[in-house]
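Here's the letter readout for the chains.
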Amino acid sequence: MYLKTLHLRQFRNYREQQIAFSAPKTILLGDNAQGKSNLLEAVELLATLRSHRALRDRELVLEGEPIGQITATLERETGTVDLAVLLRSNGRRTVSLNGETLRRQLDFLGVMNAVQFSSLDLDLVRGGPGERRSWLDTLLIQLEPVYAYILQQYNTVLRQRNALLKQRRRSEEVGETPPDLEQLAIWDAQLAAIGSRVIRRRARVLDRLAPLAQTWHQAISSSTEQLEICYAPNVQLEQDDPSVVQQTFLDKLAQRSIAEQHQGTTLVGPHRDEVEFTINQTPARQYGSQGQQRTLVLALKLAELKLIESVVGEPPLLLLDDVLAELDLNRQNKLLETIQDRFQTLITTTHLGSFDAQWLKSSQILTVRSGHIEE
Amino acid sequence: MIEQLQRLPGVGPKTAQRLALHILKRSESEVQALAQAILEAKQQVGLCSVCFHLSAEPVCEICRSPNRDSHTICVVADSRDVIALEKTREYRGKYHVLGGLISPMDGIGPDQLNIGQLVRRVSKQDTKEVILAISPSVEGETTTLYIGQLVKPFTKVTRIAFGLPMGGDLEYADEVTLARALEGRRELD
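A quick note: this is a predicted structure, and the numbers were derived from the prediction, not measured. (Residues numbered from 1 in each chain as written. Chains lettered and ligands numbered in written order. Predicted model: local features only at pLDDT ≥ 70, side-chain atom pairs only at ≥ 80, totals over all residues. Heavy atoms only, no water.)

### Remarks on helix α5 (residues 181–220) of chain A
Convention followed: The helix count covers DSSP runs of H or I at least four residues long, the strand count covers runs of E at least two residues long, and both are numbered beginning at the N terminus. Every helix has an expected span of 1.5 Å times one less than the residues it contains.
Its 40 residues give α5(A) an end-to-end C-alpha distance of 55 Å, which sits within 8% of 58 Å, the value for a rise of 1.5 Å per residue. Residue A:Ser222 follows α5(A) closely and has a positive phi angle near 55 degrees.

So this is what it looks like as structure tokens:
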């Protein structure tokens, strides 16, 4: 797939900006805080409707304005698609495809695919389990858009169940009769039913991603290191059978019910999952060197590119946010070899010094200066 | 007045302004009639003591009607749902309005809804079927399962099917709806 044009209106620090992409690689050159990453964020939003930097849409809209808009023309093998996201500083988003407003945001997902690789991604290895869950979820949403709906349902059940557990704890403290156990049992059943769908889908995607990442990791580290990716679900997944997983889930809920009652929160479920990375049998999180961790993240990102390409049938976009300069020459070359001209790539950088001359020749270079872009 | 109107559901600042200007342009008697109608409705309309649907009488028209099948009770979340179902003119039984859905986050448990009244109603009367017509959200699902458990000992319990809209093309249906429709499939008769 190829992003032909991007139009930002009152988005972040852009008031009005039209960009036409004319080469498979585009380098966005500019000092810090000029709007380079904002542009990549706009593309990320089109692909996933999520941003790894913003919690609320208010942050995405140009300050003082009620609305912001991202529109784009995307060329896919099946034809050209116009995408648009309307953001409101106070209210819900509106998404549309080919000028038609969609009733559900779910239908917008999966039209455009992108893999984001930023310097923040080192947190994938160093950060807490939440970072890894969020990474896995974002990937899954692109591969199986319906997962966005499942995840949202799971989070609603989780919040409701937590509220009920808190009520029970509170009423116990003041000596009132707590809400009935029948209601809790129904929330348990729902948590287990929807939670096991989350677990099985996560396991499935990691099964497909792990061998790809392993191969890449070996190639980048010149076969000296062996990467293992292991899904460590909070509820054990022994058999990929919905009813077995649900039963394991319910059993564990029963086991932990006293602790849950005491803490007033849900302790069992995929919101407590972990993904473990080990290099040569050593946990990468604790023992990996900076270089090893970079290799690992790069291998994961390349694996994501390949996985999305094989599932979707078209190469996704690659967004490299300030990350190329951080890689040494060997890793840079591995990355560039993979991308070639097949994956449309947007790269942000503060200086062109670290780029290969051959590379610069074939790239479109845009200069970003305080919310304006010049050729 | 604009501020007051804006508190109504579905009315934003612009609509509120338009409504206010419209009211100011009307004759005093017209405005009087509108105000009177609103006030009267508020004073007179209460809830039916049997089914909890909106009603000007102690027992609503549907509950009083001798032409309706009193052995079938359709359970809905809200009075709006009764109105929607009545429009179809397909249903000839009675209703029971819960007044919401179970949602611990909003502090709504079974005790805040008309669930106890439903169980009493079903256990006392000769009820042949309870139809649960509650939307398939997470909260709706919980409410459906909860009521199902309580009512099952007394009578047959069914729930409405979810799936494809009429006139909709199968290929345009989304995965979630299709999965739902597949789950609720039935034998061809």
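### What about the interface of chain B and chain A?
Often the size quoted for an interface is simply the accessible area lost on bringing the parts together. This is how it is decided: A contact between two residues is defined here by any heavy atoms of the two lying within 4.5 Å. Buried surface area refers to the total accessible area, computed with a probe of radius 1.4 Å, that the two partners give up upon joining, counted for both partners together. The rule for a salt bridge is simple: a side-chain nitrogen of Lys or Arg has to be within 4 Å of a carboxyl oxygen of Asp or Glu. Whenever a nitrogen or oxygen atom comes within 3.5 Å of another N or O atom, the pair is scored as a polar contact, on the condition that within protein one atom can donate a hydrogen and the other can accept it, and that pairs from neighbouring residues in sequence are kept only if both atoms are in side chains.
Between chain B and chain A, the residue contacts involve 18 residues of the former and 19 residues of the latter. Contact between chain B and chain A buries roughly 1600 Å² in total, counting both sides, with carbon and sulfur atoms accounting for 63%. Of all residues in chain B, B:Pro104, B:Met105 and B:Val138 bury the most surface against chain A, accounting for 36% of the area lost on that side. Connecting chain B to chain A are zero salt bridges. Remark: the boundary between chain B and chain A carries six residue pairs in polar contact (both at pLDDT 80 or more). Mapped onto the side of chain B that touches chain A, the elements with two or more residues apiece are α7 (138–151) and α8 (175–183) of chain B. Here the side of chain B that touches chain A gets seven residues from one element, more than from any other, and that element is α7(B).

### A short note on the sheet that holds strand β6 (residues 156–159) of chain B
Residues and elements named next belong to chain B. Rule in force here: Strands qualify as paired when DSSP identifies two bridges or more between them. Here an angle of 0 to 180 degrees is reported between the N-to-C directions of two axes, which are lines fitted to C-alpha atoms, with helices fitted over the stretch in contact.
The parallel open sheet is built from four strands, whose spatial order is β4-β3-β5-β6. The sheet terminates laterally at β4 (93–97) and β6, the two strands that pair on one side only. In this sheet, adjacent strand axes meet at a mean angle of 25 degrees when their direction is disregarded. Pairing of strand β3 (residues 69–76) with β4, which is carried by five bridges, proceeds in the parallel orientation. Note on β4: the bridge partner recorded for Val 75 is His 96.

### Description of helix α1 (residues 36–48) of chain A
Residue and element names in this part refer to chain A. Defined as follows: Whether a residue is buried, partly exposed or exposed follows from its accessible area with a 1.4 Å probe, protein chains only, as a fraction of its type maximum: under 20%, in between, or over 50%, in that order.
Look at α1: 19 Å from first C-alpha to last across 13 residues, which is about the 18 Å you get at 1.5 Å a residue. Counting buried positions along α1 gives 12 out of 13 residues, so the element sits mostly inside the fold. Of the residues making up α1, those classed as buried are Lys 36, Asn 38, Leu 39, Leu 40, Glu 41, Ala 42, Val 43, Glu 44, Leu 45, Leu 46, Ala 47 and Thr 48. Positive phi appears at Leu 49, one or two residues downstream of α1, with a value of about 60 degrees.

### Comments concerning a nonpolar patch on the surface
Residue and element names in this part refer to chain B. Rules: Exposure above 30% relative accessible area and the absence of a salt bridge qualify a residue for a patch, where like charges join within 9 Å and nonpolar side chains (Val, Leu, Ile, Met, Phe, Trp, Tyr) within 5 Å. Calculation of accessible area relied on Shrake-Rupley with a 1.4 Å probe; when residues are assessed, cover is drawn exclusively from the protein chains displayed.
Taken together, the side chains of Met 1, Leu 21 and Leu 24 define a hydrophobic patch exposed on the protein surface, amounting to about 330 Å² of accessible area. As for its placement among the helices and strands, Leu 21 is situated in helix α2 (residues 13–25). The class of Leu 21 is partly exposed, set by a relative accessible area of 48%.

### What about the side chain of A:Asn113?
Here A:Asn113 lies in the loop between β7 (100–101) and β8 (114–118). Engagement of the side chain of A:Asn113 in a polar contact is seen with the side chain of A:Gln142, the distance being 3.2 Å.

### Considerations on unusual backbone geometry
Residues and elements named next belong to chain A. Unlike most non-glycine residues, Gln 10 shows phi in positive territory, near 50 degrees. The residue Asn 98 is not glycine, and still its phi comes out positive at about 50 degrees. Relative to the helices and strands, Asn 98 resides in the loop between β6 (94–97) and β7.

### Topic: the domain arrangement of chain A
Residue and element names in this part refer to chain A. Rules: In this document the domain limits rely on a domain assignment from an automatic tool or a database. Each residue gets one of three labels, nonpolar for Ala, Val, Leu, Ile, Met, Phe, Trp, Tyr, Cys and Pro, charged for Asp, Glu, Lys and Arg, and polar for the others, Gly among them.
Along its sequence, chain A is organised into domain 1 (1–113 + 315–375) and domain 2 (121–313). Counting residues at the interface gives 24 residues for domain 1, matched by 25 residues for domain 2. Between domain 1 and domain 2, a total of about 2100 Å² is buried, with carbon and sulfur atoms accounting for 64% of that surface. Scanning the region where domain 1 abuts domain 2 turns up one salt bridge. One salt bridge connects Glu 309 with Arg 342, and the closest N-O pair in it is separated by 2.5 Å. Counting the contacts that link domain 1 with domain 2 gives six residue pairs in polar contact (both at pLDDT 80 or more). In terms of residue class, the side of domain 1 that touches domain 2 is built from 12 nonpolar, five polar and seven charged.

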